[in-house]
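Structural features, examined
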Amino acid sequence: MNTVPMRFALFGNTYQVKKSAHILRLLSILEKRKAEVYVYRDFYQFLTKEQKLDIQVAGIFDDNQFEADMVLSMGGDGTFLKAASYVGNKNIPILGINTGRLGFLADVSPEEMEETFADIYKGNYRVESRSILQATSNGQPLKGNPFGLNEIAILKRDSSSMITIHTSINGAYLTTYQADGLVIATPTGSTAYSLSVGGPVIVPTSNTIAITPVAPHSLNVRPIVINDDWEITLDVESRSHNFLVAIDGRSETCREGSRLTIRKADYQIQVVKRTNHIFFHTLRDKMMWGADSRG
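Let us look at the structure shown here. This structure is a prediction, so every number in the text was calculated from the model and none was measured.

Things to note about the overall build of the protein
Tallying secondary structure elements over the protein gives 6 helices and 18 strands in all. With respect to the principal axes defined by its C-alpha atoms, the protein has extents near 65 × 50 × 35 Å. Every one of the 295 residues in the protein was classed for burial, and the buried ones make up 49%. Partitioning the contacts of the protein with sequence separation of at least 6, the portion at a separation of at least 24 is 67%. Accessible surface, the protein as shown: approximately 14600 Å² in total, 48% of it carbon and sulfur. In the protein, which carries 31 positive and 31 negative side-chain charges, the distance between the mean positions of the two groups comes to 3 Å.

Some points on the nonpolar core
Side chains that are nonpolar tend, in soluble globular proteins, to be buried together. Ranked by internal contacts, the top residues of the largest apolar core, which has 48 residues, are L10, L26, V71, L72, L95, F117 and I269. When sequence neighbours within four positions are dropped, the list of residues in contact with L95 reads M70, V71, L72, S73, F80, V108, T116, F117, I120 and V272. Among the nonpolar cores identified, the runner-up in size contains 24 residues, and I163, I169, I232 and F243 belong to it.

Points about the environment of Q178
Mapped onto the elements of the fold, Q178 is located in strand β11 (residues 172–179). When residues no more than four places from it in sequence are discounted, the contact partners of Q178 are M162, I163, T164, P216 and H217.

Details of the packing of aromatic side chains
With the rule as written, the count across this model stands at 12 aromatic pairs. Between F279 and F280, the ring centres sit 5.8 Å apart and the planes meet at 65 degrees, which makes this aromatic pair edge-to-face.

Describing the sheet that holds strand β12 (residues 181–185)
Across the sheet, 6 strands lie side by side as β14-β13-β12-β9-β16-β17; this open sheet has antiparallel pairing. Each edge of the open sheet carries a strand with a single partner, namely β14 (224–227) and β17 (250–255). On average, each strand axis in the sheet is tilted by 20 degrees relative to the strand beside it, whichever way the strands run.

Notes on the environment of E112
Positionally, E112 belongs in the loop between β5 (94–98) and α4 (113–122). Here E112 falls in the buried class, since its relative accessible area comes to 17%. Spatially, the C-alpha atom of E112 lies 8.9 Å from that of I97, the residues being 15 residues apart in sequence. When neighbours within four sequence positions are excluded, E112 is seen to be in contact with D107, R274 and H277.

Topic: unusual backbone geometry
Its identity as a non-glycine residue notwithstanding, K34 has a phi of 60 degrees, on the positive side. When you line up the elements, K34 lands in the loop between α1 (20–32) and β2 (36–40). Residue classification places K34 among the exposed residues on the basis of a relative accessible area of 64%. If you check the backbone angles, D248 has positive phi at about 50 degrees while not being a glycine. According to the relative accessible area criterion, D248 is buried, its value standing at 13%.

The rules behind these values
- Residues numbered from 1 in each chain as written.
- Predicted model: local features only at pLDDT ≥ 70, side-chain atom pairs only at ≥ 80, totals over all residues.
- Heavy atoms only, no water.
- Helix = DSSP H or I, 4+ residues; strand = E, 2+ residues; numbered from the N terminus.
- Buried < 20%, exposed > 50% of the residue type's maximum accessible area, 1.4 Å probe, protein only.
- Contact = heavy atoms within 4.5 Å.
- Areas by Shrake-Rupley, 256 points an atom, 1.4 Å probe, with all protein chains shown as cover.
- Lys, Arg positive; Asp, Glu negative; His and termini not counted.
- Charge placed at Lys NZ, Arg CZ, Asp CG, Glu CD.
- Core = buried A, V, L, I, M, F, W, Y, C linked by side-chain atoms within 4.5 Å.
- Phe/Tyr/Trp six-rings, centres within 6.5 Å; stacked < 30°, edge-to-face > 60°.
- Pairing = 2+ DSSP bridges.
- Axes fitted to C-alpha atoms, helices over the stretch in contact; angles between N-to-C directions.

Shown next as structure tokens:
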């Protein structure tokens, strides 16, 4: 019986020079299973030209010009976010293989690759749907990719004074933040930038959005969690007459007076998880959750 080979699209971190052994092992595992592997051009050039690796792949692709049964992200959570931005609304599930410190998105270690692909070929894995945020400015799309899996942050542009962010939800006025910025995070992004500015940890599949100010002028404003089908409107004032919008770390400058609207996108990102990988385990391992540091 002829079975159609599985097609994988591979993205990777082009900064981790010492990790090429993991790539060779990954390609060897997939070759044994007669898989077709297509590699993102930047990563392919990094492996062949800089790392001088001799690798055989089914093809090379640019940006979002690919089709696959599964996307593989080899690196950390940053690499996963980049892969997700190119997957967009293709609905292709993404598996994150972590070659650095343990991540929330990339949570399969290189040591687990063999058994992970054995499970994948048996269909023994689960796929979690993760919501995406979308930003528009005065009704127009932003210049860059306006979709964020982790967060959309409004930030002051330089070391000047705070910015003023008039915030409404579903057209009803919430408050005016005077702060260095405002982080609007998905549950996926709740353990990223949002967490570092005091936002709550949110279970990945809960249908919510967290709004957390960055270094607020007033100490009595606190993070707020809202339904993810609500619309957030921001009117920003700044002494320097512009501010930054950072979406999953990609930033662009907006002019003062721009009205930003942030809402849930009409597609989701599918994240492949091993059946034994539980969010709370990662929380404990990565963040030393509940560890007693009293010695």
